[in-house]
Amino acid sequence: MSEAPPAAAEPLLQVRRLKTGFPVRGGALGRSGAVLKAVDGVDFEIRRGETLGLVGESGCGKSTTGRSILRLIEPDEGEIRFDGMDVRALDRKELRRFRRRAQIVFQDPYGSLNPRLSVGAMLEEVLRVHGLGWADRRGRVVELLERVGLRPEHVDRYPHEFSGGQRQRLGIARALSVEPELLVLDEPVSALDVSVQAQVVNLLEDLQRDLGLTYLFIAHDLALVEHVSDRVAVMYLGRIVENAPADRLYRDPRHPYTRALLSAVPRPDPIGRAQRTRIVLGGDVPSPISPPSGCPFHPRCPHPAKDETCSSLRPALEEKVAGHVAACHKAALGPGK
Amino acid sequence: MSGGETATAGGPERPPALLEVTGLRTWFDTDQGTARAVDGVTFDVRAGETVGIVGESGCGKTVTSLSVLGLLPTPPARVLDGSSIRFRGEELVGATARRLRAIRGNEISMIFQEPMSSLNPVYPIGDQIGETLRLHRGMSRREARTEAVRLLDEVGIAGAERRVDEYPHELSGGMRQRVMIAMALSCAPDLLIADEPTTALDVTIQAQILELLAALRASRGMAVLLITHDLGVVAEVCDRVVVMYAGQVVERGTVEEIFADPRHPYTRGLLDSLPSVDEPGRRLVPIPGTVPAPTDWPDGCRFRARCPLAEERCGEPQDLVGLGREDRAARCWKAPAVGAGRERP
Amino acid sequence: MVGDPVTAGPRRRVVGGRGLSAVLPGAPQLLAGRWGVGAAALLAWVGFLWLLVARWDRVWAGAGGPWDERLAVATVVLGLAGAWVWSWRDAGQPLAGRAVAVSQWDLAVRAFSRNRTAVAGLIVIGGLYALALVTPLVAPYDPLAQGDLMTERYVGLSAAHPLGTDQFARDVLSRLLYGARISLSIGFVAVAISVTIGTLLGAVAGYLGGLADTVIMRFVDMVISFPRLILLITIIALFQPSIFLITAVLGLTLWPSTARIVRGEVLSLREREFVQAAVALGYSKTRIIFKHLIPNALAPVIVAATLGIGNTIVLEAGLSFLGLGVQPPTPSWGTMVDAGRGVLLDAWWLSTFPGLAIVFTVLSFNLVGDGLRDALDPRLRS
């Protein structure tokens, strides 16, 4: 992304060649020696105040990427730079400080809150652990609740007394309590009903505008990702296959996987459905334990020019148009139609 | 007393309904009180068509589909007097357990959201398909196996001859859903009830399954009742749509009518809260608040508290108001007056 | 439940509840249909009051006597005060339509109190422990004092000895009451030891994983694979059997099952997102284990512990019966059953009453345990 507009600020987060694997349990006695390469060489960066959408199907490694950045899962290789600081080199004390600056919101509104703690206890604990707001902790908790659209009297309630959307607001309040700069949003609305989804999405947009937050928005819903993101990166089998400004990616996708993904999204437009051509991919996503050689997408790729190169040589992310990279041997260079 | 129907289903020019659900009420007795999960639902499905029931969680769409097959445990569930479910004219409410078993899996089949828990992990998939065939169609073991292979082939499983001996855990999610569909097809049902069949699947696999359902419907002339929360899926595959909210049908119509000219504020709200690939950057318009609890439906219009158009008159019980064409109706007194066409920014 | 105020269940309020509670604590609750708490309060009030009046002289003397008598007096006084104050405050609370926050524990209490047999079991257990505490005040005789060996041996049920006497002319009722103290405290303390050790080790093994997990769980396997009875017999044969030794041995051999339960729970909790969130918020491992994991892993432990107390009482009785447990002349239910073994046909009351005591106690613990299992099971609630 050498052609990034020069006026833009330094990126807040830079990720280079990130790799995270899990040992695979197999055989009768534990480890089989095989490694599941959940994240297999991921590069991207996010500028301050922007939203990068990370999309892909289940098992593509998008969630592991998000957690590796925060070192909730220790990455194996690669470089993570947050505001110039090398995240992988942080010691315990520095890591704790880093975690005040980068937070995460989870998918599951039922599993992400401790069922034994009331809302007030949960938020006060965060503040106490980090020595924040000691003068008026209750006041700060109420402020946080109001910030995410909940009411002060909710402070004494327990998680099970809230609806899914409200729980997700609580998860956001908890993440905001340490006043972070970066939020990793790991499928923050996919467990919610559509009407509630929109409430939470609007809340996230408002928070970003008011607090200047930077988002890594992980989701599988392409329409949603396009809606919230400035840039979108598409992952397949642990790798980023395409990364472009959101409008460009949706208007002019270069990677055959992105094209298939976009055409597979069901659209609420019954009148246009007869005219639309849908690319239906055959087969399933291969196992990340033994990914295909060369381009990981080649066994399912519908590209007419697919050849030997695709099955033998792994394509690198290559700039096809200014600011628009794709990892495909066959994707055309230069501006599209 | 809010389940009254003014729009009668089934005009003279329409083909006879395959499934006719009229005034269905399925209530649950719980510790918190009586949950009126399904509270006066009327719709029909005609031969060969795909009808979608769409709504958010807790709206009663799944309970409706389970009631049709008599699959709900009683107690706590009870289907109230006055409910009617007719399949080819035969009343299923109050039918004997024996009769329901004969219909289930034979004339009406069902597939579920979670294909892993719907398959028995200890038997090969061929045996599970074969069991239905032997039970309902009296086939021998050998015939059943041949038929199972043919069915797996029909639902697009490559190498069916080999796959027939595999166990559920050896298959991917999309494959399992195909196996479930093969099982559902085994008795050549006239109606397939699909409860969120693609919700657990990735978008590319979802596209495969939807394609398969459409192809099967074309080749077999089978009617499909699709239960889903996903408006996109509804728009892709359905002919007619039933929108449910808080245990009631709030709007009915053809898929074009529902999406291009929604008359109930809830339907409009759902459409407006959806991010669209075709209109990025539009600020989403959420529906404020949350769905009330089924033990505690409000009087009058149940959507009133969340409705941008609510007025005093909405406190009265609302009936479905017919909107011209035979089956078109919305449960809102303002529906006839609401202008045609949805404003798109 | 969609975030609107959760209101307290429909409780009927009794007119003049407060006045009634001043005279007869528990009665207004009983009249309002809350029979569990009502009966408990009423029984406590009436029982302790009777004790205070009927045994006034012993209460008076006990207040300055040895520590167990002082404890008994304190129990009476606190029990009376507790029953009265609780009932008074409860009867005066505004009940209808009160918006309250309901924790998971509150929900469990509600579910538990709907289970009549379990509540009955809990009242029996509560009564037994209360009785064990006030034994010095109610026991008619000294449990060790021998009567006239010529005339008072093997006396059947009579006014002087409601449950008869044994071969040394000691009063069976008094021995039964003192035996309850031994049996109940051994059960309680042994389980408390095992739950503490088991919970800590299980949580540490489950959360830290790796080497800590391997070491702890192999140790668990070792302790489990050792036949407990043989271990007990060996230890008791090597050392002089005492109540402390028996309690310690039981406690130190019972913890592995708790450790396994807790480890299993923690392994699944560890993957839950609220624990991940705690890590992301920079919480220390100690805080995560004690504040976020253990409270959520506790439900099955509580069930196992309740059932465990019952089992331990049986185990102790068995050991004492074999002569390996509590040593004569100290009364325990096991030794008392053993003592009556030879004269079962002639003096049936010797073994029968301690035997019945064991059966009822263990039954109560099992009823409560089953009730807790249902009440704490989150799958039964939405």
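Residues numbered from 1 in each chain as written. Chains lettered and ligands numbered in written order. Predicted model: local features only at pLDDT ≥ 70, side-chain atom pairs only at ≥ 80, totals over all residues.

Engineer: I tried to follow the overall build of chain A on my own but got confused; where do I start?
Structural biologist: When helices and strands are counted, chain A shows 10 helices and 12 strands. C-alpha extents for chain A along the principal axes are approximately 65 × 55 × 50 Å. Every one of the 337 residues in chain A was classed for burial, and the buried ones make up 50%. Sequence separation of at least 24 residues holds for 64% of the intrachain contacts in chain A that already meet a minimum separation of 6. (Helix = DSSP H or I, 4+ residues; strand = E, 2+ residues; numbered from the N terminus. Buried ≥ 20, exposed ≤ 12 C-beta atoms within 10 Å, placed from the backbone. Contact = placed C-beta atoms within 7 Å.)

Engineer: Teacher, can you tell me more about the overall build of chain C here?
Structural biologist: If you tally the helices and strands in chain C, you get 15 helices and 0 strands. Viewed in the frame of its principal axes, chain C has a C-alpha envelope of about 80 × 60 × 40 Å. Out of the 382 residues in chain C, the part that is buried amounts to 42%. Summarising the internal contacts of chain C: among those between residues at least 6 apart in sequence, 70% fall at separations of at least 24.

Engineer: For this particular structure, what's the right way to read the pairing of strand 4 (residues 77-82) of chain A?
Structural biologist: Consecutive side chains of a regular strand alternate in pointing toward one face of the sheet and then the other. Residues and elements named next belong to chain A. Pairing geometry for strand 4 and strand 5 (residues 85-86), over 2 bridges, is antiparallel. Within strand 5, the position partnered with Arg81 by the bridge is Asp86. Hairpin connection of strand 4 to strand 5: 2 residues between the antiparallel strands, including Asp83 at a positive phi of 55 degrees. (Pairing = 2+ DSSP bridges.)

Engineer: Quick question: what am I supposed to make of the sheet that holds strand 9 (residues 223-228) of chain B here?
Structural biologist: For sheets, the rule is that strands pair by backbone hydrogen bonds, running either parallel or antiparallel. All names here are of chain B. Here we have 8 strands laid out as an open sheet, ordered 7-8-9-3-10-11-13-12, and mixed in their pairing. In this open sheet, the two edge strands, each paired with only one partner strand, are strand 7 (108-111) and strand 12 (321-322). Judged from the 5 bridges that link them, strand 3 (residues 50-54) and strand 9 form a sheet pairing that is parallel. Looking at strand 9, one finds that Ile53 is bridged to Ile227. Running over the sheet, helix 7 (residues 173-185) touches strand 7 and strand 8 (191-195) and is turned about 170 degrees from strand 7. (Axes fitted to C-alpha atoms, helices over the stretch in contact; angles between N-to-C directions.)

Engineer: Honestly, helix 5 (residues 141-154) of chain B in this entry has me stumped. Any pointers?
Structural biologist: Residues spaced three or four apart along an α-helix point in a common direction, a consequence of the helix completing one turn every 3.6 residues. Residues and elements named next belong to chain B. The terminal C-alpha atoms of helix 5 lie 20 Å apart, and with 14 residues this matches the ideal 20 Å at 1.5 Å per residue to within 8%. Those residues of helix 5 lying buried are Ala144, Glu147, Ala148, Leu151 and Leu152. Take helix 5 and look down its axis: the buried residues cluster within an arc of 140 degrees, on one side only. Exposed and facing more than 90 degrees away from the buried side of helix 5 are Arg142 and Arg150. Two residues or fewer past helix 5, Gly156 is found with a positive phi of approximately 80 degrees. (Expected span 1.5 Å × (residues − 1). Arc of directions from axis to C-beta.)

Engineer: When you look at the nonpolar core in this model, what are you seeing that I'm missing?
Structural biologist: Nonpolar side chains tend to gather and get buried jointly when the protein is soluble and globular. Residues Phe217 and Val234 of chain A are the most contacted members of the largest nonpolar core, which totals 280 residues. The dominant element in this core, judged by the number of residues it contributes, is helix 8 (residues 172-208) of chain C, at 17 residues. (Core = buried A, V, L, I, M, F, W, Y, C linked by C-beta atoms within 7 Å.)

Engineer: What's the story with the interface of chain A and chain B in this structure? I'm lost.
Structural biologist: Interface size, as often reported, equals the accessible area lost upon joining of the parts. Taken together, the contact pairs 38 residues of chain A with 37 residues of chain B. Put simply, the parts of the chain that give the side of chain A that touches chain B at least two residues each are helix 6 (194-211), helix 7 (222-228), helix 8 (246-251) and helix 9 (256-264) of chain A.

Engineer: Looking at this structure, I do not really get helix 14 (residues 333-340) of chain C. What am I missing?
Structural biologist: Burial analysis of helix 14 of chain C places 8 of its 8 residues in the buried class, which makes it a mostly covered element. The elements touched by buried residues of helix 14 of chain C are helix 8, helix 13 (285-321) and helix 15 (349-376) of chain C.

Engineer: Just to check I follow, could you spell out the packing of helix 5 (residues 164-176) of chain A against helix 6 of chain A for this structure?
Structural biologist: When two helices pack together, you describe them by how their axes are tilted relative to each other and by the distance separating the axes. All names here are of chain A. Closest axis-to-axis distance for the helix 5/helix 6 pair is 9 Å, and the angle between their directions is 20 degrees. Between helix 5 and helix 6, the angle is such that the two are roughly parallel. As for how helix 5 packs across helix 6, the hand of that crossing is right-handed. Contacts between helix 5 and helix 6 pair Gly164, Gly165, Gln168 and Arg169 from the former with Val196, Gln199, Val200 and Leu203 from the latter. Within the contact of helix 5 with helix 6, the residues separate by chemical class into 3 nonpolar, 4 polar and 1 charged. (Parallel < 35°, antiparallel > 145°, perpendicular 65-115°, else oblique. Left-handed = near helix turned anticlockwise from the far one by under 90°. Nonpolar A, V, L, I, M, F, W, Y, C, P; charged D, E, K, R; others polar.)

Engineer: Could you clarify how one ought to interpret the confidence of the model for chain A in this entry?
Structural biologist: Low-pLDDT portions of the prediction should not be read for the details of their coordinates. The share of residues in chain A with pLDDT of 70 or more is 93%, and the mean pLDDT across the chain is 87. Taken together, the stretch residues 1-7 of chain A has pLDDT below 50 and engages in 5 contacts with residues farther than four places along the chain or on a different chain. (pLDDT = per-residue confidence, 0-100.)

Engineer: What's the story with the sheet that holds strand 12 (residues 324-326) of chain A in this structure? I'm lost.
Structural biologist: Residues and elements named next belong to chain A. Sheet architecture is open: 8 strands sit in the order 6-7-8-3-9-10-12-11, paired in mixed fashion. Since the sheet does not close on itself, it has two edges, and those belong to strand 6 (102-105) and strand 11 (318-321), each with one partner. Ignoring strand direction, the axes of neighbouring strands in this sheet form an average angle of 20 degrees. As judged from the 2 bridges shared by strand 10 (residues 239-245) and strand 12, these two strands associate in the antiparallel manner. In the sheet register, Glu242 faces strand 12, and the bridge partner there is Ala326.

Engineer: Whenever I open this one, the packing of helix 9 of chain A against helix 8 (residues 203-220) of chain B confuses me. Can you help?
Structural biologist: At their nearest, the axes of helix 9 of chain A and helix 8 of chain B sit 8 Å apart, and the two run at 55 degrees to each other. By the angle between their directions, the pair helix 9 of chain A and helix 8 of chain B is classed as oblique. Two packed elements cross with a definite hand, and for helix 9 of chain A against helix 8 of chain B that hand is left-handed. Judged by residue contacts, Ala260, Leu261 and Ala264 of chain A of helix 9 of chain A engage Val203, Thr204, Gln206 and Ala207 of chain B from helix 8 of chain B.

Engineer: Even after reading the chapter, I still don't get the confidence of the model for chain C, so can you show me in this structure?
Structural biologist: All names here are of chain C. Here chain C averages 83 in pLDDT, and 92% of its residues register 70 or above. Here residues 1-15 scores under 50 on pLDDT; set against residues more than four positions off or in separate chains, the count is 33 contacts. Interface confidence for the predicted complex, given as ipTM, is 0.82, next to a pTM of 0.83.

Engineer: Any chance you could explain the pairing of strand 11 of chain A here in plain terms?
Structural biologist: Where strand 11 of chain A meets strand 12 of chain A, 3 bridges bridge the pair, whose relative direction is antiparallel. The residue bridging Glu319 of chain A from the neighbouring strand is Val325 of chain A, located in strand 12 of chain A.

Engineer: Got a minute to help me understand unusual backbone geometry in this structure?
Structural biologist: Glycine aside, residues mostly have negative phi, and peptide bonds are mostly found in the trans state. Residues and elements named next belong to chain A. Even without glycine at this site, Glu179 takes up a positive phi of about 55 degrees. Structurally, the position occupied by Glu179 is in the loop between helix 5 and strand 7 (182-186). At Leu237, a residue that is not glycine, the phi angle is positive and equals roughly 50 degrees. Among the structural elements, Leu237 can be located in the loop between strand 9 (231-236) and strand 10.

Engineer: Where do I start with the environment of Gly323 of chain A in this structure?
Structural biologist: Within the element layout of this structure, Gly323 of chain A appears in the loop between strand 11 and strand 12. Given 16 C-beta atoms within a 10 Å radius, Gly323 of chain A is considered partly exposed.

Engineer: Explain the environment of Leu204 of chain A to me, please; I cannot follow it from the model alone.
Structural biologist: Residue and element names in this part refer to chain A. Within the secondary structure, Leu204 sits in helix 6. Looking at Leu204, the number of C-beta atoms within 10 Å reads 23, which means it is buried. Sequence separation between Leu204 and Tyr215 is 11 residues; the distance between their C-alpha atoms is 9.3 Å. Excluding residues within four positions of it along the chain, Leu204 makes contact with Leu185 and Val228.

Engineer: Is there a simple way to think about the environment of Val51 of chain B in this case?
Structural biologist: Residue and element names in this part refer to chain B. When you line up the elements, Val51 lands in strand 3. For Val51, a count of 24 C-beta atoms within 10 Å translates into the label buried. Val51 sits 25 residues away from Thr26 along the chain, and the two C-alpha atoms are 20 Å apart.

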